[in-house]
Amino acid sequence: NTGLWKHVFTTMTMTQSAGFLNVNAAGTSTVANNSALLQTWRYFPLIGTAPICIEFTGNITMLPTVNEVFLCGLGVAVAAAEPADGVWFELSTAGLKGCIRYNSGLVDKKVLIANIADMPVDQNAKYTMVVGEREIEYWIDDVLYGEQALPAGQGQAFISTALPLFIQKYNNALVGSSPNMIVRVSDITVILMDIATNKTWAGQLASSGLGLQTLDGGTYT
């Protein structure tokens, strides 16, 4: 749905099948800077101290090889590079990491799974990232894998205050094997936590002064 999603492909492609988005759908992309990204047009804001929760089902067909990188989180995606600002999961041969980048600064990385061989292959798992006021939490199948404190120089997780959701895979140099990793993503959700954004009819009336406003001297029934 191009009304909701922006997509940019450089040789590498994405397809939809069986309820999954298949990232690097052919599984044969080896050229440096080949990439595929999907990004929402909608931006998700930080509101006060309320956390933002990003959840998705993920499944990899095989372990990544050298120079394959997969990212998913909040940020403005760039074809074959990390976003300049945001928070995301990163999967590569260096393992699974949680990443924070503030205003084009250095990427602060938290190792969640150090040994890439420990990543589940061809199995569905629920990945959750909770962006809080002072820290980021990373969960897999409701098990906490890591907490990452925001650096002391940052007042919030990212300077943009509001960012889109993105899903991205790219080759940061030549990938030496084919077939290679296909990442399958499903059921992706962004949730605002801790704040009730719905109001009862009574609450709506209370916030507008407990009544209907009309022109002075007018009548209504």
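Residues numbered from 1 in each chain as written. Predicted model: local features only at pLDDT ≥ 70, side-chain atom pairs only at ≥ 80, totals over all residues. Heavy atoms only, no water.

Caption draft 1: Structural detail: the sheet that holds strand β3 (residues 20-23). Pairing in this open sheet of seven strands is antiparallel, and the strands run β2-β3-β14-β5-β10-β11-β12 from one edge to the other. Each edge of the open sheet is held by one strand with a lone partner, namely β2 (14-17) and β12 (143-149). The mean inter-strand angle of the sheet, taken between neighbouring strand axes irrespective of direction, is 25°. Strand direction decides the pairing type here: strand β10 (residues 125-131) and strand β11 (residues 135-140), joined by five bridges, are antiparallel. Looking at β11, one finds that V131 is bridged to I136. (Pairing = 2+ DSSP bridges. Helix = DSSP H or I, 4+ residues; strand = E, 2+ residues; numbered from the N terminus. Axes fitted to C-alpha atoms, helices over the stretch in contact; angles between N-to-C directions.)

Caption draft 2: Representation of the sheet that holds strand β8 (residues 95-101). An order of β1-β4-β13-β6-β7-β8-β9 is seen for the seven strands of this open sheet, with the pairing classed as antiparallel. Edge positions in the sheet fall to β1 (5-10) and β9 (108-113), since each has one partner strand and no second. The sheet shows a mean angle of 15° between the axes of neighbouring strands, taken without regard to direction. The sheet contact formed by strand β6 (residues 68-75) and strand β13 (residues 162-171) spans seven bridges and is antiparallel. Counted as the bridge partner of L71 is Q168 from β13.

Caption draft 3: View of the pairing of β2. In this sheet, β3 lies alongside β2 in antiparallel orientation, the contact comprising four bridges. Following the sheet pairing, T15 is matched in β3 by N22. From the end of β2 to the start of β3, which pair antiparallel, there are two residues, and A18 there has a positive phi angle of about 55°.

Caption draft 4: The pattern of salt bridges, seen in detail. Per the stated rule, a full pass over the model turns up four salt bridges. Notably, a salt bridge pairs K169 with E68, separated by 2.7 Å at the nearest N-O pair. Of this pair, K169 sits in strand β13 while E68 sits in strand β6, placing them 101 residues apart in sequence. Neither K169 nor E68 differs from the other in exposure class; each is buried. Note that D142 and K126 form a salt bridge whose closest N and O atoms lie 2.9 Å from each other. In this pair, D142 sits in the loop between β11 and β12 while K126 sits in strand β10, placing the two residues 16 residues apart along the sequence. Given a relative accessible area of 53%, D142 falls into the exposed group. Looking at K126, the relative accessible area reads 27%, which means it is partly exposed. Among the charged side chains, a network of salt bridges with common partners joins E82, E90 and K109. (Salt bridge = Lys/Arg side-chain N within 4 Å of Asp/Glu carboxyl O. Buried < 20%, exposed > 50% of the residue type's maximum accessible area, 1.4 Å probe, protein only.)

Caption draft 5: Examining the packing of aromatic side chains more closely. Tallying each qualifying case throughout the model produces five aromatic pairs. When the centroid spacing of 6.3 Å and the interplanar angle of 70° are considered together, the rings of W88 and F166 count as edge-to-face. Of this pair, W88 sits in strand β7 (residues 86-92) while F166 sits in strand β13; the two residues are 78 residues apart in sequence, bridging distant segments of the chain. When its relative accessible area of 0% is taken as the criterion, W88 is described as buried. On the basis of an interplanar angle of 70° and a centroid distance of 5.5 Å, the ring pair of F89 and Y138 is categorised as edge-to-face. Taken together, the positions of F89 in strand β7 and Y138 in strand β11 put the pair 49 residues apart, joining distant regions of the chain. Summarising the burial analysis for this pair, F89 and Y138 share the class buried. In this structure an aromatic cluster arises from ring pairing among F56, F89, Y127 and Y138. (Phe/Tyr/Trp six-rings, centres within 6.5 Å; stacked < 30°, edge-to-face > 60°.)

Shape descriptors only; they carry no functional weight alone.
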